[in-house]
Amino acid sequence: ASVLAVLILRWINPLFSAFMAQAQLAAWAGRDSNYVFRHTWVDLDRISPNLPLAVVASEDQKFPEHWGFDVEAIERAYALNLHSHKVRGASTISQQVAKNLFLWSGRSYFRKALEAYFTLLIESLWPKRRILEIYLNIAEFGTGTYGAEAAAQRFFHKSASRLTRGDAAVLAAVLPNPQRYSASAPSRYVQQRREWILGQMQALGGPEMLDEIDAYPRLNR
């Protein structure tokens, strides 16, 4: 059943993610009248290439070439977490799609095992461009705001196709914690992260970098 579900989503756009459903149910249960759900699906070719480049630069620079897991990042995070009270993650874009789309928030070995399982399914059954497309449509960019189009409309009053490099870098900067950081009123940390992301975008070669995905025949079969 899980294989069939993942395979179908290679061609059929998901109406919502598990994280979206959980947030909406929590708002209803808590009678949160301030919670507003925003989500509009847009295909990847209707999203400014600045945004996928920004999230790859920010979240997962090895995305075009790995098979779902960044082993070096996992090893670095493990070493740092041994000596720090602050837990550092090493999730790839593929892992985040698996978690947000199918699973629930929280930390447990069972959930992490399921995340790894769905990550392998996604990497095996979807081309990289599909993984990136779904990620950009289900990622939370602010409380109740999911996906590139909803974020572009809410924070910049424009469509996702018109996002500038600066806009994209700000949205990517809040991704680690959209509940804490704001794209509409960026803190000093978000501004500093935005500048770092812009530098990484330039170092990766600009939007043309995304064409490297096409260099891997397996990824676009």
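Only a predicted model underlies this, so the values are computations on that prediction, with no experimental measurement involved.

**Overview of the packing of helix H5 (residues 93-102) against helix H6 (residues 109-125)**
- Running from N to C, H5 and H6 point in directions that differ by 115°, and their axes come no closer than 8 Å. On the basis of their axis angle, the class for H5 and H6 is roughly perpendicular. The crossing of H5 and H6 is right-handed. Listed contacts from H6 to Ser 94, Gln 95, Val 97, Ala 98, Lys 99 and Phe 102 of H5 are Arg 111, Lys 112, Glu 115, Phe 118, Thr 119, Ile 122 and Glu 123.
- Here the contact of H5 with H6 is composed, by residue class, of five nonpolar, three polar and five charged.

**A short note on the packing of helix H8 (residues 148-156) against helix H9 (residues 165-174)**
- Remark: H8 packs on H9, axes separated minimally by 11 Å, with the N-to-C direction vectors making an angle of 110°. Compared by their axis directions, H8 and H9 come out roughly perpendicular. Contacts between H8 and H9 involve Ala 151, Phe 155 and Phe 156 from the former and Asp 167, Val 170 and Leu 171 from the latter.
- For the contact of H8 with H9, the residue count by class is five nonpolar, no polar and one charged.

**Considerations on the sheet that holds strand E2 (residues 140-142)**
- Pairing is mixed in the open sheet, where three strands are placed in the order E1-E3-E2. Both outer strands of the open sheet, strand E1 (38-39) and E2, are each paired with one neighbouring strand and no more.
- Pairing geometry for E1 and strand E3 (residues 145-146), over two bridges, is parallel. In the strand pairing of E3, Arg 38 is matched with Thr 145.

**So, H8**
- Counting buried positions along H8 gives seven out of nine residues, so the element sits mostly inside the fold.
- Every buried residue of H8 is listed here: Ala 148, Glu 149, Ala 150, Ala 151, Ala 152, Phe 155 and Phe 156.
- Considering only its buried residues, H8 is in contact with E1, helix H3 (50-59), helix H7 (128-138), E2, E3 and H9.
- A positive backbone phi angle near 55° is found at His 157, which sits one or two residues after H8.

**Focus on the side chain of Ser 94**
- Examined against the element boundaries, Ser 94 turns out to sit in helix H5.
- Using a relative accessible area of 0% as the deciding quantity, one classes Ser 94 as buried.
- Side chain to side chain, Ser 94 and Glu 123 meet in a polar contact 2.5 Å long.
- Contacts of Ser 94, omitting those with residues within four sequence positions, involve Phe 63, His 66, Gly 68, Thr 119, Ile 122, Glu 123, Lys 128 and Ile 131.

**Regarding the nonpolar core**
- Membership of the largest hydrophobic core comes to 56 residues, with the highest contact counts inside it found for Leu 51, Val 55, Ile 93, Val 97, Trp 126 and Leu 171.
- Elements represented by at least two residues in this core include exactly helix H2 (18-29), H3, H5, H6, H7, H8, H9 and helix H10 (188-203).
- No other element matches H9, which puts seven residues into this core.
- Excluding anything up to four places from it in sequence, Trp 126 contacts Val 6, Leu 9, Arg 10, Val 97, Leu 101, Ile 131 and Ile 134.

**Let's talk about the packing of aromatic side chains**
- The tally for this structure, following the rule as stated, stands at five aromatic pairs.
- Taking 5.8 Å as the distance between ring centres and 40° as the angle between the ring planes, the aromatic pair formed by Phe 37 and Tyr 146 counts as tilted. One end of the pair, Phe 37, is in the loop between H2 and E1; the other, Tyr 146, is in strand E3, and 109 residues separate them in sequence.
- Through a chain of ring-to-ring contacts, the aromatic side chains of Phe 102, Tyr 117 and Phe 118 assemble into a single cluster.
- Sitting above the plane of the Phe 63 ring, Lys 128 keeps its charged end 4.5 Å from the centroid.

About the thresholds
- Residues numbered from 1 in each chain as written.
- Predicted model: local features only at pLDDT ≥ 70, side-chain atom pairs only at ≥ 80, totals over all residues.
- Heavy atoms only, no water.
- Axes fitted to C-alpha atoms, helices over the stretch in contact; angles between N-to-C directions.
- Helix = DSSP H or I, 4+ residues; strand = E, 2+ residues; numbered from the N terminus.
- Parallel < 35°, antiparallel > 145°, perpendicular 65-115°, else oblique.
- Left-handed = near helix turned anticlockwise from the far one by under 90°.
- Contact = heavy atoms within 4.5 Å.
- Nonpolar A, V, L, I, M, F, W, Y, C, P; charged D, E, K, R; others polar.
- Pairing = 2+ DSSP bridges.
- Buried < 20%, exposed > 50% of the residue type's maximum accessible area, 1.4 Å probe, protein only.
- Polar contact = N/O pair within 3.5 Å; in protein donor to acceptor, adjacent residues only side chain to side chain.
- Core = buried A, V, L, I, M, F, W, Y, C linked by side-chain atoms within 4.5 Å.
- Phe/Tyr/Trp six-rings, centres within 6.5 Å; stacked < 30°, edge-to-face > 60°.
- Lys NZ or Arg CZ within 6 Å of the ring centre and 35° of its normal.

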